[in-house]
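# Observations on the three-dimensional arrangement
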Amino acid sequence: MKKLNLAIIGQGRSGRSIHGAFLLSELNPYFDVKYVVDAYAPAREYAKNAYVGCKTFESYQELFDCKDIDLVVNASYSQQHYPITKDLLLHGFNVLVEKPFARTRYECDELIELAKEKNLLLAVFQQTLLSPYYLYAKDVIASGKLGRVRQISLRANGFFRRWDWQTLQKNCAGGLYNTGPHSIGQALGFLDFDPRTRVVYSELDSLMTSGDSDDYAKLILKAPDKPLIDLEVISSDAYNDFNIRIIGSRGTFQCTAGAYKMTYYIDEENEARPLIEESLRDENATPLYCKENLIKHVEEGEIDRSRGDGRADLYEDIYYALTEGKPMRVRPEMAAQVISVISSVHADNPLPVKYI
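Here we summarise the structure given alongside this text. (Residues numbered from 1 in each chain as written. Predicted model: local features only at pLDDT ≥ 70, side-chain atom pairs only at ≥ 80, totals over all residues. Heavy atoms only, no water.)

### So, the nonpolar core
It is characteristic of soluble globular proteins that their nonpolar side chains tend to be buried jointly. The biggest cluster of nonpolar side chains holds 100 residues, and the ones touching the most others in it are Phe31, Phe101, Ile244 and Tyr315. In terms of residue count, the dominant contributor to this core is helix H9 (residues 332-348) (eight residues). In this structure, Ile244 is in contact with Tyr133, Tyr134, Ala137, Ile152, Ser153, Leu154, Gln186, Phe190, Phe253, Gln254 and Cys255, ignoring residues within four places of it in sequence. (Core = buried A, V, L, I, M, F, W, Y, C linked by side-chain atoms within 4.5 Å. Buried < 20%, exposed > 50% of the residue type's maximum accessible area, 1.4 Å probe, protein only. Helix = DSSP H or I, 4+ residues; strand = E, 2+ residues; numbered from the N terminus. Contact = heavy atoms within 4.5 Å.)

What follows is the structure, encoded as structure tokens:
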């Protein structure tokens, strides 16, 4: 397998600790890091040592003279995702852009059309759509063990405070733009990315953040003939114990990124209970409550994370899209629908802008 040449814009937590860490790992037989861009000199110095043989630049525009780049990873600040990605596409580069894809659906659609016009690859780093726990949850639904799925709850909660650039609305930041794309993407995936999906309820608030963006988000999504989606992105939840919970007509599934548990019953193993409209009483006329010992099945175990959190699979898809023209499982149109949800929630729940 011949490796392709890659450039990374940004050596912050995403560019260095997420993309960089993967690209330096044994899970990456796909790309060599040839160029790194960062305005911060110590970050460029780190890159020279970490990515052996790479060349560093202070400005991403310096990449325009490099003719051997197969893919540019845009891990810049969130508010820069759209303009930098647009500039890269206009200069003929294939791009993997970090989430959030952009601030608005209009910006997303513009980038998608531009990539098509230029015959370039455009991908969005929504790797959790390929994460093992999410794919396992989808397999459970497909198995039918839970019966008819009525509700799916997703939690991206924790107990922490932030006071950095990602707490400012002007930076296209906050919990919903920063963390939300992952769980919203999964929510839309459970709904088959149905274009009829609507946000039927939402609230945003600022509870623990030092900035003016949201760190409390509650959403309910609905599409015709699909399960109700109950979604939270909250930074003041000290007792969150799951990422995905699925409630069906025959049982419940719950998982974190690393483990799952499920309880369900099978119709044929349990006596049918025809409706009795009268009050239940025993032979002594003692009132009875509906009570039975269901034959239940309980399953639990660990999620196979040998290939990581979806990064390896997303980069693999990009590699084969570039080398063999294979379709990617995570398409930019999916990420654009995520931004439709986020921007509509912000429009319905405007927070005071305190920092310009």
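### Remarks on the pairing of strand S13 (residues 259-265)
Burial of S13 is one-sided: the residues Tyr260, Met262 and Tyr264 facing one way are buried, the residues Ala259, Lys261, Thr263 and Tyr265 facing the other way are not. Linkage of strand S12 (residues 251-255) to S13, two consecutive antiparallel strands, is achieved through a turn of three residues. Pairing of S13 with strand S14 (residues 296-302), which is carried by seven bridges, proceeds in the antiparallel orientation. Within S14, the residue paired with Tyr264 across the bridge is His297. (Pairing = 2+ DSSP bridges.)

### Considering the pairing of strand S4 (residues 71-74)
Burial of S4 is two-sided: the residues Leu71 and Val73 facing one way and the residues Val72 and Asn74 facing the other way are all buried. Direction of pairing for strand S1 (residues 4-9) relative to S4: parallel, over a ladder of four bridges. Following the sheet pairing, Ile9 is matched in S4 by Asn74. As paired strands, S4 and strand S5 (residues 95-97) are joined by three bridges and run parallel to one another. Looking across to S5, one finds that Val73 is bridged to Leu96. Regarding the hand of the β-α-β motif, the stretch spanning S4, helix H3 (residues 81-90) and S5 is right-handed. (Right-handed = clockwise from strand over helix to strand, strands pointing away.)

### Here's the deal with the sheet that holds strand S7 (residues 149-155)
Sheet architecture is open: eight strands sit in the order S8-S9-S10-S7-S11-S12-S13-S14, paired in mixed fashion. Edge positions in the open sheet fall to strand S8 (198-205) and S14, since each of these has one partner strand only. The mean inter-strand angle of the sheet, taken between neighbouring strand axes irrespective of direction, is 10 degrees. Here S7 runs beside strand S11 (residues 244-248); their pairing, made up of five bridges, is antiparallel. Across the sheet, residue Ser153 finds its bridge partner in S11, namely Arg245. In this fold helix H5 (residues 132-143) packs onto S7, S11, S12 and S13, with an angle of close to 5 degrees to the strand it touches most, S11. With respect to the sheet, helix H7 (residues 180-190) is in contact with S7, strand S9 (216-222), strand S10 (228-234) and S11, its orientation differing from that of S10 by roughly 175 degrees. (Axes fitted to C-alpha atoms, helices over the stretch in contact; angles between N-to-C directions.)

### Brief notes about the sheet that holds strand S6 (residues 122-124)
Strands belonging to one sheet form pairs held by backbone hydrogen bonds; the direction of such a pair is parallel or antiparallel. Within the open sheet, the six strands sit side by side as S3-S2-S1-S4-S5-S6. Their pairing is parallel. Each edge of the sheet is formed by a strand with only one pairing partner; in this case those strands are strand S3 (55-57) and S6. Mean inter-strand twist for the sheet, computed between neighbouring axes without regard to direction, equals 25 degrees.

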